[in-house]
Number of protein chains: 2
Amino acid sequence: MPVIVQKYGGTSVADAERIRAVARRVVGAREAGNDVVVVVSAMGRTTDELMVMAREIAALPTPRELDLLLTAGERIAMSLLSIAINDMGVPAASYTGSQAGIITDTRHGRARIIDIRPGRIREALEAGNVVIVAGFQGVSTAYDVTTLGRGGSDTTAVALAAALGAEFCEIYTDVPGVFTADPRIEPEARKLHAVSYEEMLELAASGARVLQLRSVEYARGNGVMLHVRSSFGDEDGTWVREADERMEKAIVSGVAHADNEAKVTVIGVPDRPGVAATIFRALADEGVSVDMIVQNVSHDGRTDVSFTSPKDDLPRIAGVMDRVAEEVGAEGHAADDGIAKVSLVGAGIRSDPGVAAAMFAALAEEGINIEMISTSSIRVSCVIRAEHAERAVRAIHARFNLAGEAGRRVHSPGAESADPGAEAAP
Amino acid sequence: MPVIVQKYGGTSVADAERIRAVARRVVGAREAGNDVVVVVSAMGRTTDELMVMAREIAALPTPRELDLLLTAGERIAMSLLSIAINDMGVPAASYTGSQAGIITDTRHGRARIIDIRPGRIREALEAGNVVIVAGFQGVSTAYDVTTLGRGGSDTTAVALAAALGAEFCEIYTDVPGVFTADPRIEPEARKLHAVSYEEMLELAASGARVLQLRSVEYARGNGVMLHVRSSFGDEDGTWVREADERMEKAIVSGVAHADNEAKVTVIGVPDRPGVAATIFRALADEGVSVDMIVQNVSHDGRTDVSFTSPKDDLPRIAGVMDRVAEEVGAEGHAADDGIAKVSLVGAGIRSDPGVAAAMFAALAEEGINIEMISTSSIRVSCVIRAEHAERAVRAIHARFNLAGEAGRRVHSPGAESADPGAEAAP
């Protein structure tokens, strides 16, 4: 039988009624003649609540113990879902990450999957069961329970889909798919029918929260097709897959924004070789992830180096910076958590230099100042004041006509649409 | 270093503040020069809440999945306690039942420990850690997660104490020890300094909830000394250990009562060999535990057979009885859940036939009718109407002068106290 993997997020299993709705969907997929493996997140805000309990006990909870604590959430969700499916007369069995053979490295709180040993899952499928697997968790090479970081259940699902040779991996969530912008900010935002892995990677890295970045990397690396869709309806969602010719024609896929980053500036850095290496080596050693980096033109042999990082990392960054600023002879450092990042993503950006310029113009017309710029071949990101973020998203969305029927074909403003009547997405 | 095992019940770890208090106590035991292994129950009413969630999903949750669900409670408690101890600067590591090598049979919901493989625990102790172990749970020979039934954490603690050769096993709970009666019912009830394993077994079987019956059996079988005490103070509690001479002198240790049982009567049973065997074989096959059994004198070749069982088992019993009553040619069956059981326990009962008579007299003087009687060598139990239970406990407690200084030495009324000035307990 063909294997399909379905992943359900926390809002999809938030209470008994929703768990039963998910169970009905799973039973439907099973009765349609598939072997079904279901990966499930913790119910609702369980993980956050467990984190609050840990922080009530200790400001810095022991990472190994924190992972044991947080994995309770998926354990509860998986067993309840399995109970619901069994209650509908379809045999189901649930497995923790460890039982499912999700082997990770030993980095507690942000472990990476290094192997999948799906022997027990295969046996359970062969015995006729629907298999439920706890997302977000695994067991390390040191036999300790680990977690994969926020959104890690997506990666669990993709990794199992790859290991089991699944037809595709369905990611059920509380939104209908991937949109040209966050519909809560831009009501005109349009659901995309398909995006390439590369575009999805840039969107995820730029603040689109619908998929964990690493899960998209894993899917691309293993050729797993993803279908991101809503658990509250039956419509198709957004496919994430290899780019094809029709996709490539689209210049811009969407606008993403992120407000969970802060800007850190190292002030008055001596402008000599090796300084940047020292700063960013020290951050990497502490496990701080750095997104954008900008170095100003130097004056009088000194310059400023700015970078963006998750706000959550600010306490750790402050510790590193106190040490490193002195080491490299900088004048000081400052953090600014009042920023937002707005990004334009599209496979066609690489071939159209006008896109970045048009984006900057859209912001300028709104009187929004750009503090940092960073680009990849399929993305342009600008750091602006946080309070302008929503206005910026709407301005860029309108400028590139992303809401239009042929939105994805429209292109840096000023150019003619090559084929305005064609379908926007393949 | 000597190993001590401490077990903390749910009320002892009900919130962050109490978890920190437990952590301080554990750290104290560690700093006193012991290797400390801590077994912990789920916080407060977590297990009950998880059970409610399961029943919202399905009337009869799949046993395997239910065990996975319920074990989340101890997982949360153990990791939070470990976080608290680490936060006090003492290294601690927590382990699930499976990780701790608690091997059980495959009876989900009421598994029995069949082996302890404490290799990981020993390694963690040798590495200088306080070790926290989730109570109530294990892993079956089929590699599935199992639970040990209500109060199973006591058994986890005793089994680990036996496997690790611990000096003794401390059972921390929300009461100061084992009393001559439930102090909520009899304010004059007195804490016992020590009871024998046999007395504790009878007390536990008779409704004293301070220790799980099986944990006492395990302790007796392995010679593990128990110390039942309060986690909210520092006073000594009650020791449970081998009977010694001074204990034996005491005739009556205490009065216990239970209101969680129901009486089932099979009516008009043909009075011929094999009928009782058929009835109780069928109940055993369904895993129904039966406590007292009474068969009336027969009239006209027919008799009534009554037994008591946990009220929770009534739905299953009804199913069995529908089938069995027909099979044995009985006229019918009836259940009565309005009963209570009152028991008098004491090592000296076996040598003093007047004890039972004095107990029946105490009930008669209160006008309380006795519906069933059952005795062992150190216990006399009476089934009465539930509404009379508290009055019965007080009447028996007074009759045997259990509140008195020499309470345990006083004996069937009418006899002279041999040594009224001596300490009641060793």
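Residue positions are given per chain, counting from 1 as you read along its sequence in written order. Here chains are named by letter from A upward and ligands by number from 1 upward, in the order in which they appear as written. pLDDT decides what is reported in this predicted model: residues at 70 or higher carry local features, side-chain atom pairs at 80 or more are listed and counted, and totals for whole chains, interfaces and linings draw on all residues regardless.

*Asks:* Any chance you could break down the sheet that holds strand S19 (residues 372-376) of chain B for me, citing the residues and the numbers?
*Replies:* Working definition: the strands of a sheet are paired by backbone hydrogen bonds and lie parallel or antiparallel to each other. Residues and elements named next belong to chain B. Being paired, for any two strands, means DSSP has found at least two bridges between them. Going along the chain from the N terminus, every DSSP run of H or I of four or more residues is numbered as a helix, and every run of E of two or more is numbered as a strand. Taken together, the four strands give an open sheet; going across it, the order is S13-S18-S20-S19, and neighbouring strands pair in antiparallel fashion. For this open sheet the edge positions go to strand S13 (254-258) and S19, each flanked by a neighbour on one side alone. Neighbouring strand axes in the sheet, compared pairwise and without regard to direction, differ in orientation by 20° on average. Pairing geometry for S19 and strand S20 (residues 379-385), over five bridges, is antiparallel. Following the sheet pairing, Met-372 is matched in S20 by Val-383. We call two residues in contact whenever the C-beta atoms placed from their backbones are within 7 Å. Only the stretch in contact is used when a helix axis is fitted, and all axes are lines through C-alpha atoms; the angle between N-to-C directions ranges over 0 to 180 degrees. Against the sheet, helix H7 (residues 197-205) touches S13, strand S18 (339-345), S19 and S20, its axis set at about 170° to S18.

*Asks:* Pulling in residues and values, what's your account of the relation of the copies chain A and chain B?
*Replies:* Once chain A is rotated about the relating axis by 180° and shifted along it by 0.0 Å, it coincides with chain B to within an RMSD of 0.1 Å. Those values place the two copies in the arrangement expected of a two-fold rotation axis. Minimal C-alpha separation from the rotation axis in chain A is found for Ala-72 of chain A, amounting to 2.6 Å. Copies overlap after least-squares fitting; the atoms used are the C-alpha atoms of residues with pLDDT of at least 70 in both.

*Asks:* How would you sum up the confidence of the model for chain A? Please name residues and give values.
*Replies:* All names here are of chain A. Each residue carries a pLDDT score, the predictor's confidence in it, ranging from 0 to 100. Looking at chain A as a whole, its pLDDT mean stands at 89, while 93% of the residues score no less than 70. Low pLDDT, under 50, characterises residues 405-426; the predicted model gives this stretch 47 contacts beyond four residues in sequence or across chains. Both scores are available for the predicted complex, with the pTM at 0.81 and the ipTM at 0.78.

*Asks:* Which residues make up the interface of chain A and chain B, and what are the values?
*Replies:* How big an interface is tends to be reported as the loss of accessible area on association of its parts. On the chain B side, the residues contacting the 28 residues of chain A number 28 residues. Classes in brief: Ala, Val, Leu, Ile, Met, Phe, Trp, Tyr, Cys and Pro nonpolar; Asp, Glu, Lys and Arg charged; the others, Gly included, polar. Residue composition of the side of chain A that touches chain B, grouped by class: 17 nonpolar, five polar and six charged.

*Asks:* Please give an account of helix H10 (residues 275-285) of chain B that cites residues and values.
*Replies:* Residue and element names in this part refer to chain B. Within H10 the residues assigned to the buried category are Val-275, Ile-279 and Leu-283. Across the axial projection of H10, the buried residues extend over an arc of 60°, all falling on one side. Seen from the open side of H10, the exposed residues pointing more than 90 degrees away from its buried face are Ala-277, Arg-281, Ala-284 and Asp-285. On its buried face, H10 sits against strand S14 (261-270), strand S16 (302-310) and helix H11 (314-328). Looking at the residues trailing H10, positive phi occurs at Gly-287, about 75°. Note on burial: count the other C-beta atoms lying within 10 Å of the residue's C-beta; 20 or more is buried, 12 or fewer is exposed, in between is partly exposed, and C-beta positions come from the backbone. This arc is taken over the directions from the axis of the helix to the C-beta atoms.

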